[in-house]
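Architecture at a glance
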Amino acid sequence: MQLCRGVSAASAVLFLAVLLLSPTTDAFNVTLMLDKHPEFSTFNHYLSVTQLAPEINRRRTITVCAVDNPGMADLLAKHLTLGGIKNVLSYHVLLDYFDAKKLHQITDGSALAATMYQATGFATGSSGFINITDLGRGKVGFSPEDNGGNISATFVKSVEAQPYDISIIQISNLLPSSEAEAPAPAPSVVNITKLMSAHGCKVFADTLSSNPAETTFEDNINSGLTIFCPGDEAMKAFLPKYKNLTAADQQSLLEYHGMPIYDSLPGLRSSNGLTSTLATVGNTFFFTVQNDGTDVTIKTKLVTATIVNTLVDNPPLAIFEVNKVLVPPELSKLGGLAPAPAPGSAADSPKSSKSKHKYPPAPPGPSDSPADAPDGDVADQNSNGAEVVGIGGGILAASILTVWSTFLLL
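**With respect to the overall build of the protein chain**
- On a plain count of helices and strands, the protein chain comes out with 15 helices and 14 strands.
- Burial statistics for the protein chain: of 410 residues in total, 44% are counted as buried.
- Within the protein chain, contacts between residues separated by at least 24 positions form 66% of all contacts whose residues are at least 6 apart in sequence.
- On the protein chain, roughly 19,800 Å² of surface is accessible, and the fraction owed to carbon and sulfur atoms is 57%.

Now the structure itself:
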């Protein structure tokens, strides 16, 4: 009889453990799933800022056809409005579930899938549908229904999947759709230099208005732009050094104060890491966004500036005042911009990055220079997270043992 009670207790404990530890599969968050894959950071960013991510999360049986950062750079170069970018990304969300296995087992070699763009009601005729074709030898092609059968992109790999709710796959490049892309925007009526002048950044605004960099800023407003303008006192103190730079370096320094994406202050607090700027070319002209408590700092190897005021926050444009001029390390040998090195400080190692102009780069990997990495916040967060999981696991284990002991004593 005692043995039976022991077996029953063990069964009850096992049932309780399974019940408590089993993950829920009735919900997903597409941006959290993509966060694990920094090569899609730009695609993921625009799912958020266009508010397409919540629409995806509300659906089931869906496939997201993601493209990597270089592929998104091609889209951003078109300077579409946020509405236009949302339409294009909606065109890459299929209203059916396709993982790698299903793609290679398509009945009769082809399938037609509706997209979220079709579901908006903006698509005309069959323009919101995608043909998926098994090309043989492990290749799968994607093409718009109205593309005359021409293959526009191919399947690269499976990224994430939660059968049979959501599948995220990578395709080789964006699918073309002249209808999904909004018409080219008219010249912007937003006067960014006037906005900055009226809110304490007049010296920076006047400097920008007399430089070709102003055009670079204006060209990015409709597709998303974040500006970090130094306050008047900071910019006045820096002007003698600025005037010693060549014309090309002056333009690079000014463009270094803009990001080719829109981001709010809460967004900057939650998206710490290495970030490209309007000046970014190849592996140059990046800075690091990092939060220090409630403050947000912009860090280079030479300067750490703090955001002290929000001038404008109206998507797709945000303008923040910073308390220092952002000095890119690429100009450290010009015009006396580099501060004297601290005694005994180690030289910064070369920075490695695959990022290109006009898209947020992947976070630095383990081989990157510690000097460019955020100061421990990410590591601390990961450590804290592990502690929480450990504590939670200990409480759960203790609860299970308590239940088991109670049954054994019956």
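**What to know about unusual backbone geometry**
- In this structure, Tyr 164 follows Pro 163 across a cis peptide bond, with omega equal to -10°.
- Look at Arg 137: it is not a glycine, yet its phi comes out positive at around 55°.
- Tracing the backbone shows Arg 137 in the loop between β4 (129–136) and β5 (139–144).
- On the accessibility criterion, Arg 137 (89% relative accessible area) is exposed.
- A positive phi angle, near 60°, is found at Phe 285, a position not held by glycine.
- In this structure, Phe 285 sits in strand β11 (residues 284–292).

**Details of the side chain of Ser 167**
- Here Ser 167 is to be found in strand β7 (residues 166–171).
- In this structure, Ser 167 is in contact with Ile 62, Thr 63, Val 64, Tyr 97, Phe 98, Asp 99, Glu 160 and Ala 161, ignoring residues within four places of it in sequence.

**Some thoughts on the sheet that holds strand β12 (residues 295–299)**
- With mixed pairing, seven strands are arranged side by side in an open sheet as β9-β8-β14-β13-β12-β11-β10. Edge positions in the open sheet fall to β9 (258–259) and β10 (273–281), since each of these has one partner strand only.
- Here six bridges tie strand β13 (residues 304–314) to strand β14 (residues 317–322), and the two strands are oriented antiparallel to one another. Along β14, the bridge assignment pairs Val 312 with Ile 319.
- Helix α13 (residues 247–255) contacts β9, β10 and β11 of the sheet and is inclined by roughly 140° relative to β10.

**Re the packing of aromatic side chains**
- Tallied over the entire structure, the rule returns six aromatic pairs.
- Ring geometry for Tyr 97 and Tyr 164: centres 5.1 Å apart, planes at 70°, overall edge-to-face. Of this pair, Tyr 97 sits in the loop between β2 (93–94) and α7 (100–103) while Tyr 164 sits in the loop between β6 (153–162) and β7, and the two are 67 residues apart along the sequence.
- A cation over a ring is seen here: Lys 102 above Phe 98, with NZ or CZ 4.7 Å from the ring centre.

**A word on the nonpolar core**
- Among the nonpolar cores identified, the biggest contains 96 residues, and Ile 56, Ile 132, Phe 142 and Phe 228 are the most heavily contacted of them.
- Of the residues forming this core, the biggest block, five residues, is contributed by β14.

**What to know about the confidence of the model for the protein chain**
- Here the protein chain averages 77 in pLDDT, and 73% of its residues register 70 or above.
- Across the protein chain, element-level confidence peaks in helix α10 (residues 202–209) with a mean pLDDT of 97 and bottoms out in helix α15 (residues 377–409) with 39.
- Confidence drops under a pLDDT of 50 for residues 1–25, and excluding neighbours within four residues, the segment shows 18 contacts in the predicted structure.
- Across residues 338–410, where pLDDT falls below 50, the model places 83 contacts with residues more than four positions away in sequence or in other chains.

**Observations regarding the packing of helix α12 (residues 232–243) against α13**
- The contact between α12 and α13 brings their axes to 10 Å, and the two run at 145°. Residue-level inspection shows Phe 238, Tyr 242 and Lys 243 of α12 in contact with α13, the latter providing Gln 250, Leu 253 and Leu 254.
- Tallied by class, residues from the contact of α12 with α13 come to four nonpolar, one polar and one charged.

Rules behind the numbers
Residues numbered from 1 in each chain as written. Predicted model: local features only at pLDDT ≥ 70, side-chain atom pairs only at ≥ 80, totals over all residues. Heavy atoms only, no water. Helix = DSSP H or I, 4+ residues; strand = E, 2+ residues; numbered from the N terminus. Buried < 20%, exposed > 50% of the residue type's maximum accessible area, 1.4 Å probe, protein only. Contact = heavy atoms within 4.5 Å. Areas by Shrake-Rupley, 256 points an atom, 1.4 Å probe, with all protein chains shown as cover. Pairing = 2+ DSSP bridges. Axes fitted to C-alpha atoms, helices over the stretch in contact; angles between N-to-C directions. Phe/Tyr/Trp six-rings, centres within 6.5 Å; stacked < 30°, edge-to-face > 60°. Lys NZ or Arg CZ within 6 Å of the ring centre and 35° of its normal. Core = buried A, V, L, I, M, F, W, Y, C linked by side-chain atoms within 4.5 Å. pLDDT = per-residue confidence, 0-100. Nonpolar A, V, L, I, M, F, W, Y, C, P; charged D, E, K, R; others polar.

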